[in-house]
Amino acid sequence: MKNDDLNWSILRLLQENARYTNAEIGRKVGLSSPAVAERIKKMEDFGIITGYKVALNHIQSGYQLKAFVTLKAFMGKLKPFMEQVKTYTEVRNCYRITGNENLLMEVVLSDQFHLEEFIDRLITYGEVRTSIVLSKVVESNPIGHNRRSTGLFGKVR
């Protein structure tokens, strides 16, 4: 499938609001609703669009703290932790990373006592570092057109 500016316009709009109808998107990009639906379906089939999610306000849903927690796993503890972390409801996202630490987790917690309890569960697996989020500067910034790529569905040069 060939990359074009219309696909990027559709992707930008969907990242802005995934509940836009195909007709609304079509009006904004100059396509018919069926043409928008066909392009979206192709991008889903190709794995560019991987899903649609609800964005929750963590504070309004009862979680007063958001933090980033890194773990530098003890010898032999990384693989067991990578399975265990999937069961932690506090963890919104977890990434295996390069550098001194092995994992970076984005977590939401009800208060500082919840944070303390969460850290206590982690320290059996390794060294923990925590950074509490004070405010957001940029969040969920849409992914834009990468001019260095050979196309939306091509390889990066």
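Preceding this paragraph is the structure being described.
Just so we're clear, the structure is a prediction, and the values are computed from it rather than from any experiment.

What follows is about the pairing of strand 1 (residues 65-73). Across the 9 residues of strand 1, 7 count as buried, placing the element largely inside the fold. In terms of strand pairing, strand 1 meets strand 3 (residues 103-109) through 7 bridges, oriented antiparallel. Pairing of V69 across the sheet is with M105, part of strand 3. Strand direction decides the pairing type here: strand 1 and strand 4 (residues 126-132), joined by 7 bridges, are antiparallel. The partner of A73 across the bridge, within strand 4, is G126.

Where burial is concerned, most of strand 3 is hidden: 6 out of the 7 residues are buried. Examined bridge by bridge, strand 2 (residues 91-96) and strand 3 share 5 bridges and lie antiparallel to one another. Residue C94 lies in a different strand from strand 3, and its bridge partner there is M105. Adjacent in sequence and paired antiparallel, strand 2 and strand 3 are bridged by 6 residues, among which G99 carries a positive phi angle near 105 degrees.

Cut-off values and rules
- Residues numbered from 1 in each chain as written.
- Predicted model: local features only at pLDDT ≥ 70, side-chain atom pairs only at ≥ 80, totals over all residues.
- Heavy atoms only, no water.
- Buried < 20%, exposed > 50% of the residue type's maximum accessible area, 1.4 Å probe, protein only.
- Helix = DSSP H or I, 4+ residues; strand = E, 2+ residues; numbered from the N terminus.
- Pairing = 2+ DSSP bridges.

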